[in-house]
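Coordinates in review
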Amino acid sequence: RVLTETVADFRPHIIHSHHLWLISSLARRLFPQIPVVASCHGTDLRQFNNCPHLRSRVLSGCRDLDAALALSAPQAAEIATLYQLSQERVIVTGAGYSDTIFTPGDKATPPPLQLVYAGKLWNAKGLPWLLKALQTIAAPEWQLHLVGGGSGPEKEECLQLAQSLGERVIVHGPIPQARLAAIFQQAHIFVLPSLFEGLPLVVLEALASGCRVVATELPGVLEVLGDVRSDDITLVPTPRLRNMDQPYPEDLPAFERNLARAIETQLGRARQQPRIDFAAIEGTLAAFTWRGVFRNVEKVYGEVLAKRNMQQASA
């Protein structure tokens, strides 16, 4: 009802939906006369795999989308396979960060060296194993800023692990982007131990703010950082996974050790040189600003509308 009333009132030339999931499917079925494009954000692919009982309802509309917008090339290939879309209808537009909010700042004077984790407080983000890895690092002196929200027992487990580290962890909870940018600007190292990501914009936001990066070798991370050669970035092998984001228990001790070693490496480098070398990452950052992403999306709009106009004219 709400979608129908909104479209009748607004009379859009094109509908842009988010997530290759139920609402995008519904929009495609409700408005066959209007071009519909949908952006994938990664969690929709996770749901598609984890909720087989809903796949037919999702596919009933999503396989007829005029275009699906992907965050990366590996994600585009997965979308084409899962949603039965031809490759020409799956277009990599990427995602962007705000280069007016996330900018370099004056780094805090160590000790302690400042670390940041920003994301949901849950297992799929790898947070419990990050906190366990930090338990093994006594020197050089560090402090972790824990940013983000969550719910349920996984959040409580993460908070209990954080509490066990005492005053070395500051729990901020969910905060506005401007506040996160301020934390990044004074921090030395950003850590993303995630087991599942689409295109991790938070890595770009941290780099743009002058943070060194420790992250897992996920396809989305490699899409952003794969061509960057910099001592300011350390990538950690991801443990073997089942159901997309559940690690095999026997792989977790090695994962924790690898995280600890990577963090110790960057702590040592940050102690010697708090500022990062922007020359190695400037080109990568420029490609993922909102200006660059908007140009990609606007191009898709034009192509979809032109194709629809040609179809209507030939009919």
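The structure reproduced in this document is the subject of the present report. (Residues numbered from 1 in each chain as written. Predicted model: local features only at pLDDT ≥ 70, side-chain atom pairs only at ≥ 80, totals over all residues. Heavy atoms only, no water.)

Turning next to the nonpolar core. Among the nonpolar cores identified, the biggest contains 35 residues, and F184, F190, L207 and L225 are the most heavily contacted of them. Sorting the residues of this core by element identifies β5 (113–118), α8 (177–186), β8 (189–192), α9 (201–208), β9 (212–216) and α10 (219–225) as the ones contributing at least two each. By residue number, the principal contributor to this core is α9, which donates seven residues. Listed in part, the 32 residues of the second largest apolar core include W142, L161, I189 and A260. (Core = buried A, V, L, I, M, F, W, Y, C linked by side-chain atoms within 4.5 Å. Buried < 20%, exposed > 50% of the residue type's maximum accessible area, 1.4 Å probe, protein only. Helix = DSSP H or I, 4+ residues; strand = E, 2+ residues; numbered from the N terminus.)

With that out of the way, let us pick up the pairing of β9. Judged by how many residues are buried, β9 sits mostly within the fold: five of five residues are covered. Side chains R212, V214 and T216 of β9 all project onto a buried face; the interleaved residues V213 and A215 project onto the opposite face, where all are buried too. Where β8 and β9 come together, four bridges link them in parallel fashion. Counterpart to L192 in the pairing with β9 is A215. Pairing of β9 with strand β10 (residues 233–236), which is carried by four bridges, proceeds in the parallel orientation. Across the sheet, T216 pairs through a bridge with V236, a residue of β10. (Pairing = 2+ DSSP bridges.)

A word on the state of the cysteines. What the rule picks out here adds up to zero disulfides. The structure places no disulfide on C51, whose sulfur is separated from the nearest cysteine sulfur, that of C62, by 14 Å. Among the residues examined, C51 registers a relative accessible area of 13% and is labelled buried. (Disulfide = S-S within 2.5 Å.)

Turning to the pattern of salt bridges, a few remarks are in order. Pairing is possible between side chains of opposite charge, provided their charged atoms come close. As enumerated under the stated definition, the model contains eight salt bridges in all. Across the pair D66 and R308 runs a salt bridge, and its minimum N-O distance is 3.0 Å. Linking D66 in the loop between α4 (55–62) and β3 (67–70) with R308 in helix α13 (residues 290–314), this pair joins segments that are 242 residues apart in sequence. By the burial criterion, D66 is buried, and R308 matches it. The salt bridge involving D232 is made with R212; its shortest N-O contact spans 2.7 Å. With D232 in the loop between α10 and β10 and R212 in strand β9, the pair connects residues that are 20 residues apart, well separated along the chain. Look at D232 and you get buried, because its relative accessible area is 8%. Overall, the relative accessible area of 4% leaves R212 in the buried class. A single network of salt bridges, built from pairs that share partners, joins R28, D66 and R308. (Salt bridge = Lys/Arg side-chain N within 4 Å of Asp/Glu carboxyl O.)

All right, on to the sheet that holds β10 then. With parallel pairing, six strands are arranged side by side in an open sheet as β7-β6-β5-β8-β9-β10. Unpaired on one side and paired on the other, β7 (169–173) and β10 mark the two borders of the sheet. Each strand axis lies, on average, 20° off the axis of its neighbour in the sheet, ignoring direction. In the sheet, β5 pairs with β8 via two bridges, with the strands oriented parallel. By the bridge assignment for β8, L115 is matched with I189. Against the sheet, helix α6 (residues 127–134) touches β5, β6 (142–147) and β8, its axis set at about 165° to β6. (Axes fitted to C-alpha atoms, helices over the stretch in contact; angles between N-to-C directions. Contact = heavy atoms within 4.5 Å.)

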